[in-house]
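# Remarks on the overall topology
Below, each chain spelled out in residue letters.
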Amino acid sequence: MDFELNEDQLAFQQSARDFAAGEMAPHAAKWDEEAHFPLDVIAKAGELGFCGLYTPEELGGLGLTRLDATVVFEELARACPSTAAYLTIHNMVSWMIASWGTPAIKDEWCEKLAAGRKIGSYCLTEPGSGSDAGSLKTSAKLVDGHYVINGSKAFISGAGSTDVLVVMARTGGEGARGVSAFVVPGNAEGISYGKKETKMGWNSQPTRTISFDNVKVPASHLLGNEGEGFVFAMKGLDGGRINIATCSVGAAQAALDAAHAYMKERKQFGRPIADFQALQFKLADMQTELVAARQMVRLAAVKLDSKSPQATTYCAMAKRLATDLGFKICNEALQLHGGYGYIREYPLERYFRDVRVHQILEGTNEIMRVIVSRQLLNSDNLDDIR
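Below is a summary of the structure that appears in this document.

For the rest of this paragraph, the subject is the overall build of the chain. Tallying secondary structure elements over the chain gives 11 helices and 10 strands in all. For the chain, the C-alpha radius of gyration of 21 Å lies close to 21 Å, the compact-globule estimate for 386 residues. The dimensions of the chain, computed from C-alpha atoms along their principal axes, are 80 × 55 × 40 Å. Across the 386 residues of the chain, 53% fall into the buried class. Within the chain, contacts between residues separated by at least 24 positions form 73% of all contacts whose residues are at least 6 apart in sequence. Counting every atom, the chain has about 17100 Å² of accessible surface; 52% of that belongs to carbon and sulfur. The centroid of the 40 positive side-chain charges in the chain is displaced by 4 Å from the centroid of its 46 negative side-chain charges.

Below, the structure is given as structure tokens:
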């Protein structure tokens, strides 16, 4: 067991750190304040390969492991958790099309997505189906060689600005086995977008509803076979949970860095507040919990890379732990800043707002507990999950 990053991973880390420091950190507060979606910066990220990290090399990506990707995403999230989170979603879309698209669809989209010249959205959640994703109502009916899609999706990141959508829709009966997945151009006739939601955080990426009114796509736009869409969606979410957990770790690291520096600079009662043991202990706990979260995420990534039968359980554990601890660390760092942490001159309140949603999306943390507990209770030997 080697917990150290290898030379390649250290190089990816430095590349991402330099990009984040030069292209993201100086602008993140403005993007948040103005609710600006930095498409130009996303395109620059694509030039470095950050839009196709685990898309196969033969399809234009870097072909990295999920562990490698966590190293990159963490560095990007230290600068702007919101924009980094969108990049993780885009990577999921790129990977899903690369994994299950027809050759023609791969040729049309994969290289452009991996290079950041086109960007994508993942469309699973609906107004009436969040945690119960298998009950989705959006339908797709095969008519004369085309699927006709009707329904709506909610809380879709990037919606209205993205070029392609991976859409889960019902082609069969009730339940998860009736769900299929489709590649749908974002400007297809019959698609309409709702208003840009006003959100607590994640303001550097738009969130909208999407309505589908007799949207026609060729049968070749089906990913895999009919009835496999829910399986694909969950496979995407295994990686998505690692990714969003990594974004929490990155934001928490940035918050801890800020708190560490502030404690040495801020003086009260004639002494730096770093001299007070109560605050020293708080900083120590933050560091310990951050390391634990990071290692849990990287362990889950290794499980996913190795195709472990327990990968889904580990991804759920990592998502739950890292997003809960990431939010806690950002909150503690804000508290250490006192009133300054609450004003926008300092980045703490932005980290706090951005990471809060990580406990909700990619499956709520309550659902993560359901996944883990179900696996535990269905196993006769807990050594299987160690």
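Still more to cover.
Between its terminal C-alpha atoms helix 4 (residues 66–79) stretches 21 Å, which fits the 20 Å expected from 14 residues at 1.5 Å a residue. Across the 14 residues that make up helix 4, a large majority, 13, are buried.

Moving on to the nonpolar core. Ranked by internal contacts, the top residues of the largest apolar core, which has 59 residues, are Met24, Leu76, Ile97, Tyr122 and Met168. Sort the elements by how many residues they give to this core and helix 5 (residues 81–100) lands first, with 12 residues. In this structure, Leu76 is in contact with Ala16, Phe19, Ala20, Met24, Phe50, Ala84 and Leu87, ignoring residues within four places of it in sequence. Membership of the second largest hydrophobic core comes to 37 residues, among which are Met263, Leu325, Leu336 and Tyr351.

Attention now goes to the pairing of strand 2 (residues 139–143). Across 5 bridges, the pairing between strand 2 and strand 3 (residues 146–157) is antiparallel. From the neighbouring strand, Lys141 faces strand 3, where its bridge partner is Val148. Count of turn residues in the strand 2/strand 3 antiparallel hairpin: 2 residues, of which Asp144 carries a positive phi of about 50°.

Before going further, it helps to examine helix 9 (residues 311–336). Between its first and last C-alpha atoms helix 9 spans 37 Å; for 26 residues at 1.5 Å apiece the expected length is 38 Å, and the two agree. Positive phi appears at Gly338, one or two residues downstream of helix 9, with a value of about 60°.

Our next topic: the packing of helix 4 against helix 5. Between helix 4 and helix 5, the least distance of the axes is 7 Å, while the angle of their chain directions is 150°. When the axis of helix 4 is compared with that of helix 5, the two are roughly antiparallel. Residues Arg66, Phe73, Leu76, Ala77 and Ala79 of helix 4 pack against Pro81, Ala84, Leu87, Thr88, Asn91 and Trp95 of helix 5.

Examined against the element boundaries, Gln13 turns out to sit in helix 1 (residues 7–24). Separated by 59 residues in the primary sequence, Gln13 and Val72 have C-alpha atoms spaced 5.5 Å apart.

Taken as a whole, the second largest pocket holds about 330 Å³ of empty space. What lines the second largest pocket is simply Met1, Asp2, Phe3, Glu4, Leu5, Gln9, Leu67, Gln295, Arg298, Leu299 and Val302. Here the element with the most residues in the lining of the second largest pocket is helix 8 (residues 277–305); it accounts for 4 residues. For the lining of the second largest pocket, the residue count by class is 6 nonpolar, 2 polar and 3 charged.

The next subject is the packing of aromatic side chains. Taken as a whole and assessed by the stated rule, the structure comprises 11 aromatic pairs. Relative to Tyr346, the ring of Tyr262 lies with its centre 6.4 Å away and its plane at 85°, an arrangement referred to as edge-to-face. Remark: Tyr346 occurs in the loop between helix 9 and helix 10 (348–356) and Tyr262 occurs in helix 7 (residues 229–265); sequence separation between them is 84 residues. Residue Tyr262 is classed as buried on the basis of its relative accessible area of 9%. You can call Tyr346 partly exposed: its relative accessible area is 25%. Counting every residue linked through ring pairs, the aromatic cluster contains Tyr54, Trp95, Trp100 and Phe232. The side chain of Arg66 reaches across the aromatic face of Tyr54, ending 3.7 Å from its centre. Positioned over the ring face of Tyr314 is Lys303, at 4.8 Å from the centre of the ring.

Criteria and cut-off values
- Residues numbered from 1 in each chain as written.
- Predicted model: local features only at pLDDT ≥ 70, side-chain atom pairs only at ≥ 80, totals over all residues.
- Heavy atoms only, no water.
- Helix = DSSP H or I, 4+ residues; strand = E, 2+ residues; numbered from the N terminus.
- Rg over C-alpha atoms; globule rule 2.2 N^0.38 Å.
- Buried < 20%, exposed > 50% of the residue type's maximum accessible area, 1.4 Å probe, protein only.
- Contact = heavy atoms within 4.5 Å.
- Areas by Shrake-Rupley, 256 points an atom, 1.4 Å probe, with all protein chains shown as cover.
- Lys, Arg positive; Asp, Glu negative; His and termini not counted.
- Charge placed at Lys NZ, Arg CZ, Asp CG, Glu CD.
- Expected span 1.5 Å × (residues − 1).
- Core = buried A, V, L, I, M, F, W, Y, C linked by side-chain atoms within 4.5 Å.
- Pairing = 2+ DSSP bridges.
- Axes fitted to C-alpha atoms, helices over the stretch in contact; angles between N-to-C directions.
- Parallel < 35°, antiparallel > 145°, perpendicular 65-115°, else oblique.
- 1 Å grid on protein atoms, 1.4 Å probe; cavity = no way out; pocket = protein on both sides within 12 Å on 5 of 7 lines; lining within 4 Å.
- Points joined across faces, edges and corners; volume = space filled by probe spheres on them.
- Nonpolar A, V, L, I, M, F, W, Y, C, P; charged D, E, K, R; others polar.
- Phe/Tyr/Trp six-rings, centres within 6.5 Å; stacked < 30°, edge-to-face > 60°.
- Lys NZ or Arg CZ within 6 Å of the ring centre and 35° of its normal.

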